[in-house]
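Take a look at the letters that make up each chain.
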Amino acid sequence: MIISMRARASKEEVDYVCERIREFGFRVHSIEGEERVVIGVVGVGGDVTACLESLEATPGVEKAMRISAPYKFVSKEFRRERTVIRVGSAEIGGDDMVMMAGPCSVESEKQIMETAEAVKAAGAKILRGGAFKPRTSPYDFQGMAEEGLKLLAKAREATGMAIITEVMSDADVPLVAQYADILQIGARNMQNFSLLKSLGKCGRPVMLKRGLSATIKELLMSAEYVVAHGNQHVMLCERGIRTFETATRNTCDISAIPVLNELTHLPVILDPSHAAGKRSIVPALAKAGVAIGADGIIVEVHPCPEKAVSDGAQSLTIEGFQKMMKELKGYIELWKQERMAEMAVTA
Ligand code: PEP
Ligand code: MN
């Protein structure tokens, strides 16, 4: 169950509702939004129907809803309108197909500046670049850490682009949040629950990548952690999953996008780079992502992929990115028409 309190309901009203929920044998998990408090009712054993009926008649309550999915706050049942996340000049989840681009790793000032200017000119609004890198081998490049964050901040200053970068541990959240506009949670950390909890109060939007072998339900449960701990600005990212197929680095689960669009109001981003593992496949997957209704695409771009310290094989060159953006134009126009039509219906 979810109880949505009226805007500006008093603290006494909220406390009374929580007390009633406990009397019915449930636990309370509330989140305080900018406008209103929303209370998640958790637990089994209580009488759901009686509780719902009683709360509907309680002062301060706007709506009491039964939610059948195990994730509550991120479900479409809880909120039908899409969540829109505003970052810099981008509106993720709105009528803007948001392109995020940049290198896998931040390597040097020259590399990040050159990439930022080129991807911005080609239409990207958000600059990606890893400063903390989750590498399979401990002997591989681990990222430039704070030095890399500083270079990203410099690129933001020079271009006005917003920055997305990965944070790998809860201890680093305050540091990364100082520099980044969006915190990326990598596939390998999708179920790092202490990290997820620490994002609740980080004050930045979060992009949660699907784990290598995670189901869609598990992805949504992880997003629920972040929202339940106080941060409603979460976007999800399909980046390919591990299957028996070896022709690509991962298998792009393209159906995850419409499935997520049915189940959640959160924006969905496609990462064709990590799904494909090789650059020749990336534009085709990006087109598929736009055509199937993703809210944005995040793609790896490097000025000289053969010299990249990580993921060079899947990184587009700057020319490759420019070409892909041209090819995507018609797809994005159609996408926009569809989104505007949807917004006109729901308005
Ligand atoms: C990345 O974005 O560079 C990355 C490491 O992605 P993932 O967590 O999806 O492997
Ligand atoms: Mn990468």
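Quick caveat, the model's predicted, so the values are computed rather than measured.

1. A word on the environment of Q111
Relative to the helices and strands, Q111 is located in helix α3 (residues 109-121). Distance in space between the C-alpha atoms of Q111 and L151 is 9.8 Å, their sequence separation being 40 residues. What Q111 contacts, discounting residues up to four positions off in sequence, is P103, S105, V106, H302 and P303.

2. Remarks on the sheet that holds strand β1 (residues 2-5)
Here 4 strands make up an open sheet; going across it, the order is β2-β3-β1-β4 and the pairing antiparallel. The sheet terminates laterally at β2 (27-32) and β4 (61-65), the two strands that pair on one side only. Geometrically, the sheet is characterised by an average inter-axis angle of 20° between neighbouring strands, direction not taken into account. Of the pairings in the sheet, the one linking β2 to strand β3 (residues 37-42) comprises 6 bridges and is antiparallel in character. Bridging from a neighbouring strand, R27 pairs with V42 of β3.

3. Thoughts on the site of ligand 1
Taken together, 13 residues lie near ligand 1, and R128, Q184, A187, R188 and R239 sit nearest. One of the side-chain nitrogen or oxygen atoms of K133 is found 2.9 Å away from an oxygen atom of ligand 1. Taking R188, its side chain carries an N or O atom lying 2.8 Å from an oxygen atom of ligand 1. Against a free-state accessible area of 300 Å², the protein chains account for coverage of 97% of ligand 1. Here ligand 1 occupies the second largest pocket. Classifying every residue of the shell around ligand 1 gives 3 nonpolar, 3 polar and 7 charged.

4. So, the domain arrangement of the protein
Reports of interface size often rely on the accessible area that becomes lost once the parts have come together. When its domains are assigned, the protein resolves into domain 1 (2-65) and domain 2 (85-346). Its C-alpha centre places domain 1 at a distance of 36 Å from the equivalent point of domain 2. The interface is formed by 4 residues belonging to domain 1 together with 4 residues belonging to domain 2. Counting each side, the surface lost to burial between domain 1 and domain 2 is near 320 Å², with a carbon and sulfur contribution of 61%. On the domain 1 side of the contact with domain 2, H29, I31 and G33 bury the most area, a combined 86% of that side's loss. Put simply, domain 1 and domain 2 have 1 residue pair in polar contact (both at pLDDT 80 or more) between them. Among the residues making up the side of domain 1 that touches domain 2, the classes are represented as 1 nonpolar, 2 polar and 1 charged.

Rules used in this analysis
- Residues numbered from 1 in each chain as written.
- Chains lettered and ligands numbered in written order.
- Predicted model: local features only at pLDDT ≥ 70, side-chain atom pairs only at ≥ 80, totals over all residues.
- Heavy atoms only, no water.
- Helix = DSSP H or I, 4+ residues; strand = E, 2+ residues; numbered from the N terminus.
- Contact = heavy atoms within 4.5 Å.
- Pairing = 2+ DSSP bridges.
- Axes fitted to C-alpha atoms, helices over the stretch in contact; angles between N-to-C directions.
- Near = heavy atom within 4 Å.
- Polar contact = N/O pair within 3.5 Å; in protein donor to acceptor, adjacent residues only side chain to side chain.
- Areas by Shrake-Rupley, 256 points an atom, 1.4 Å probe, with all protein chains shown as cover.
- 1 Å grid on protein atoms, 1.4 Å probe; cavity = no way out; pocket = protein on both sides within 12 Å on 5 of 7 lines; lining within 4 Å.
- Sits in = over half its atoms within 2 Å of the grid points.
- Nonpolar A, V, L, I, M, F, W, Y, C, P; charged D, E, K, R; others polar.
- Domains from an automatic or database assignment.
- Buried area = accessible area lost by both parts, 1.4 Å probe.

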